[in-house]
Amino acid sequence: MTNQTMAEAAPAKETKTADGKRDNATAGALSPAAVLLFAVACGLSVANIYFAQPLLDTMARDLAITPAVIGGVVTLTQIGYAFGLMLIVPLGDLWDRRRLIVGQTVLSALALAIVGTAPNAAVLLAGMVLVGLLAVVIQVLVAYAATLAAPADRGRTIGTVTSGVVSGILLARFAAGALADLGGWRMVYLTSAALTLVLAALLARALPRHAPQPMAGSSYAKLLRSTVALFVEERVLRERAVFALLIFASFSVFWSSVVLPLAAPPLSLSHTTIGMLGIAGLAGALAARNSGRLADRGWGQRTTGLSLLLMLAGWVPIACLNTSLWLVVVGVLMIDFAVQAIHVTNQSLIVAARPDAASRLVGGYMVFYSIGTGFGAISSTMAYAATGWIGVCALGAAISAVALLFWVIAVSRTPVPVGVCSAAS
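Draft legend 1. Here's a closer look at unusual backbone geometry. In the segment running from P265 into P266, the intervening peptide bond is cis, with an omega of 10 degrees. In this fold, P266 is placed in the loop between α12 (259-263) and α13 (271-287). In this model, A64 sits at a positive phi of 55 degrees, which is unusual for a non-glycine residue. Position of A64 among the secondary structure elements: in the loop between α2 (56-63) and α3 (67-70). A relative accessible area of 71% places A64 in the exposed class. Backbone geometry places S268, a non-glycine residue, at a positive phi of 50 degrees.

Draft legend 2. Representation of helix α6 (residues 121-134) within the structure. A rise of 1.5 Å per residue sets the reference length of α6, with its 14 residues, at 20 Å; its end C-alpha atoms lie 20 Å apart and thus fit the reference within 8%. Of all the residues in α6, the buried ones are L124, L125, G127, M128, V131, G132 and L134. In this structure N120 caps α6, since a side-chain oxygen of it lies 3.2 Å from the backbone nitrogen of A122.

Draft legend 3. Spotlight on the packing of helix α5 (residues 97-116) against α6. Orientation of α5 relative to α6, taken along the N-to-C sense of each, is 160 degrees, at an axis distance of 8 Å. Between α5 and α6, the crossing angle belongs to the class labelled roughly antiparallel. Relative to α6, the crossing made by α5 is left-handed. Together, Q104, L107, S108, A111, L112, I114 and V115 of α5 and V123, L124, G127, M128, L130, V131 and L134 of α6 make up the contact between the two elements. Looking at the contact of α5 with α6, its residues break down into 11 nonpolar, three polar and no charged.

Draft legend 4. Molecular detail of the environment of M366. Relative to the helices and strands, M366 resides in helix α17 (residues 358-411). A sequence separation of 125 residues divides M366 from A241, and the C-alpha atoms of the two residues are 7.6 Å apart. Discounting residues that sit within four places of it in the chain, M366 has contacts with Y81, L85, Q139 and H343.

Draft legend 5. Examining the packing of helix α15 (residues 300-318) against α17 more closely. The contact between α15 and α17 brings their axes to 9 Å, and the two run at 165 degrees. Taken together, the axis directions place α15 and α17 in an arrangement best described as roughly antiparallel. Like other packed secondary-structure pairs, α15 and α17 cross with a definite hand, here left-handed. Each of Q301, T304, G305, L308, L309, M311, L312, W315 and I318 in α15 lies in contact with α17, whose residues at this interface are W389, V392, C393, G396, A397, S400, A401, A403, L404, W407 and V411. Taken together, the residues of the contact of α15 with α17 break down into 15 nonpolar, five polar and no charged.

Draft legend 6. Main features of the nonpolar core. In this structure, M59, Y81, L124, Y189, L203, F254 and L308 are the most contacted members of the largest nonpolar core, which totals 123 residues. With sequence-adjacent residues up to four places away left out, L203 is seen in contact with L37, A41, I101, V102, T105 and L141.

Draft legend 7. Inspection of α2 at higher detail. Every buried residue of α2 is listed here: L56, M59, A60 and L63. Summarising the axial view, the buried residues of α2 lie within an arc of 100 degrees, below the 170-degree limit, and thus occupy one face. Within two residues after α2, A64 carries a phi angle of roughly 55 degrees, on the positive side.

About the criteria used
Residues numbered from 1 in each chain as written. Predicted model: local features only at pLDDT ≥ 70, side-chain atom pairs only at ≥ 80, totals over all residues. Heavy atoms only, no water. Helix = DSSP H or I, 4+ residues; strand = E, 2+ residues; numbered from the N terminus. Buried < 20%, exposed > 50% of the residue type's maximum accessible area, 1.4 Å probe, protein only. Expected span 1.5 Å × (residues − 1). Polar contact = N/O pair within 3.5 Å; in protein donor to acceptor, adjacent residues only side chain to side chain. Axes fitted to C-alpha atoms, helices over the stretch in contact; angles between N-to-C directions. Parallel < 35°, antiparallel > 145°, perpendicular 65-115°, else oblique. Left-handed = near helix turned anticlockwise from the far one by under 90°. Contact = heavy atoms within 4.5 Å. Nonpolar A, V, L, I, M, F, W, Y, C, P; charged D, E, K, R; others polar. Core = buried A, V, L, I, M, F, W, Y, C linked by side-chain atoms within 4.5 Å. Arc of directions from axis to C-beta.

If you want it as structure tokens, here you go:
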């Protein structure tokens, strides 16, 4: 792909590079190939965060790490990710996004190689912090895709790119288990490092050069202050951040503890079989990728309300785990469809409100995603230990009900941002 593939519908804006050569800063509809590349990049980047979850016991044995310490692999990765959301993602509105994305991708490959060759626990944990910190290239890519897309296609583009994120999350455990069975846990990270380098080369070739940045020339401190200020200025960001926290808390409640009853008697399913549940979740999430089109047409509020209702209803069949696994699959489809639809709608609406602040908006929004995911994981295992699977389902349904109530009381009548309905005109 060349730079010209990034914009097919709108004319390019001619600029000059530092050496006086002319270049094109594109603005218009992204080509299908470019959108696919963004989605693949997001999927691989987010998978790097989740590869470790099914490999913890193998890592612990190989490096003689105690069970208490090996749990820090996941924690430190998420800490690195949270810091990246706050400190790196906003740079997309300050620096050249092409260089930022390619640079992060190359450094991610280096971090993965460090993890894959780690001789001891200290190096492993340090490498995982870097993996999490640099994985926020996902949000830079989402914001960049949103700004490159034509306004009328912004929601659809975000939906397709974000489908890569959900695919990476749900397939990471399955892929990690398969590769580890072939060549050990180190093969997982070394393979990903090689693929990430290839991805960096593709992105370097495909992304437009020298596209102007909204805050070019500003200081980093001013950039961070403006990110905080956006929460004060933009009501839609505050509302959608609350939804991110609640829906991903509910999502995490399910996925963090479902392995416990499935692996225990009387079901005693294998890890491979349990991993297939992620394929069902993937089908539901991919089915919702076009929800961004509804936001483009000004139907974002209705999409949110119906999806929240679907997410709440999904906990009913999931509660029947000990009766029928097919009902659980139905519930997974419902919840994953709903979460993806809301997530895409959220990002479509906040970027439409302030396209000039896309990176800061997405970065700030995703901090709440991270908080919700962490809260859901911790509370889910506690609920399972105290009251079993029914307690987990009650917790997930309660969080979903709070989100639906918040929409009914505070959000349902809020007008959508100007520009979202451009596709309908």
